[in-house]
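This is what each chain is made of:
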Amino acid sequence: MATTTYLSNPTITINSVDLQDQCTSAVITYAFDQLETTAFGDTARKFGGATVTSLQNNTIEVELFQSYAASETEATIFGLTGITTTLVLKPTSAAVSATNPSYTLTGCYLASHSPIMASLGELSVLTLTFAGGVLTKAVA
């Protein structure tokens, strides 16, 4: 069985700011709302189908080191809380291709942000969840 692997080193831009040097984790969840199409006489629940389209219900969760320097984490994130923005992620820094697709989440919403998240003797790390928006995939 053939397999391919890659060293996880994604690129990430949030609101057009490159935060790859501050990001330690990124997870894209590409999802659609479940629409039930079960009718009388069915013997099992049914969802969706070829003729039933539901809404995307996407999220991107990122973990970032907190930095208060210009054009870094705090300067980028603080103003995005409570509004919509765009995130772009790629598996690696190589050019966009079929083996290194680019994922863009447009119109996603950041509901909350903790500007200070500190513990004695530890690096300050933020976990942010961007919800909603339309996820598109580019391979060229």
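Keep in mind that what you see is a predicted model, and the values were worked out from it rather than measured.

Here we look at the overall build of the protein chain
- Across its full length, the protein chain holds one helix and eight strands.
- Start at the N end of the protein chain and walk to the C end: the helices and strands fall as β-β-β-β-α-β-β-β-β.
- Whereas a compact globule of 140 residues would reach a radius of gyration of roughly 14 Å, the protein chain reaches 18 Å, over 25% beyond that.
- By principal-axis analysis of the C-alpha atoms, the protein chain measures approximately 60 × 40 × 25 Å.
- Put simply, the protein chain has 140 residues, and 26% of those count as buried.

Focus on the nonpolar core
- By size, the foremost hydrophobic cluster in this structure holds 16 residues, and its most contacted members are Ile-14, Val-62, Leu-64, Ile-77, Leu-87, Leu-128 and Phe-130.
- The set of elements that each furnish at least two residues to this core consists of strand S1 (11-14), strand S4 (59-65), strand S5 (84-90), strand S6 (102-110) and strand S7 (125-131).
- The residues touching Ile-14, leaving out its near neighbours within four places in the chain, are Leu-19, Val-62, Leu-64, Thr-76, Ile-77, Leu-80, Thr-86, Leu-87 and Phe-130.

As for the pairing of S5
- Inspection of the sheet shows S1 paired to S5 by four bridges, in the antiparallel sense. For Thr-11, the partnering residue across the bridge sits in S5 and is Lys-90.
- As paired strands, S5 and S6 are joined by six bridges and run antiparallel to one another. Each residue of the ladder has a partner; that of Leu-87, found in S6, is Leu-105.

Thoughts on the pattern of salt bridges
- Scanning all chains against the criterion turns up two salt bridges.
- The partner of Asp-42 in a salt bridge is Lys-46, and the shortest N-O contact between them spans 3.4 Å.

Examining the environment of Asp-33
- As for its position among the elements, Asp-33 is in the loop between strand S3 (23-29) and S4.
- Relative accessible area serves as the criterion here: at 32%, Asp-33 is assigned to the partly exposed category.
- Counting along the chain gives 98 residues from Asp-33 to Ala-131, while the straight-line C-alpha distance between them is 13 Å.
- Setting aside chain neighbours within four positions, we find Asp-33 in contact with Ser-54, Leu-55 and Asn-57.
- For Asp-33, the side chain forms a polar contact with the side chain of Asn-57, separated by 3.1 Å.

Focus on the state of the cysteines
- Tallying each qualifying case throughout the model produces zero disulfides.
- Free cysteine Cys-23: the closest other cysteine sulfur is in Cys-108, separated by 14 Å.
- According to the relative accessible area criterion, Cys-108 is buried, its value standing at 0%.

Description of the side chain of Asn-100
- Tracing the sequence through the fold places Asn-100 in the loop between S5 and S6.
- Of note is the side chain of Asn-100, whose polar atom sits 3.3 Å from the backbone oxygen of Ala-95.
- Ignoring anything within four residues of it in the chain, the contact list for Asn-100 reads Lys-90, Pro-91, Thr-92, Ala-94 and Ala-95.

Focus on the packing of aromatic side chains
- Overall, the coordinates contain one aromatic pair when judged by the stated rule.
- Between Tyr-30 and Phe-32 the ring centres are 5.4 Å apart and the planes differ by 70°, which places this aromatic pair in the edge-to-face class.
- Relative accessible area serves as the criterion here: at 43%, Phe-32 is assigned to the partly exposed category.

Each value, and the rule that gives it
Residues numbered from 1 in each chain as written. Predicted model: local features only at pLDDT ≥ 70, side-chain atom pairs only at ≥ 80, totals over all residues. Heavy atoms only, no water. Helix = DSSP H or I, 4+ residues; strand = E, 2+ residues; numbered from the N terminus. Rg over C-alpha atoms; globule rule 2.2 N^0.38 Å. Buried < 20%, exposed > 50% of the residue type's maximum accessible area, 1.4 Å probe, protein only. Core = buried A, V, L, I, M, F, W, Y, C linked by side-chain atoms within 4.5 Å. Contact = heavy atoms within 4.5 Å. Pairing = 2+ DSSP bridges. Salt bridge = Lys/Arg side-chain N within 4 Å of Asp/Glu carboxyl O. Polar contact = N/O pair within 3.5 Å; in protein donor to acceptor, adjacent residues only side chain to side chain. Disulfide = S-S within 2.5 Å. Phe/Tyr/Trp six-rings, centres within 6.5 Å; stacked < 30°, edge-to-face > 60°.

That is the geometry; function is a separate question.
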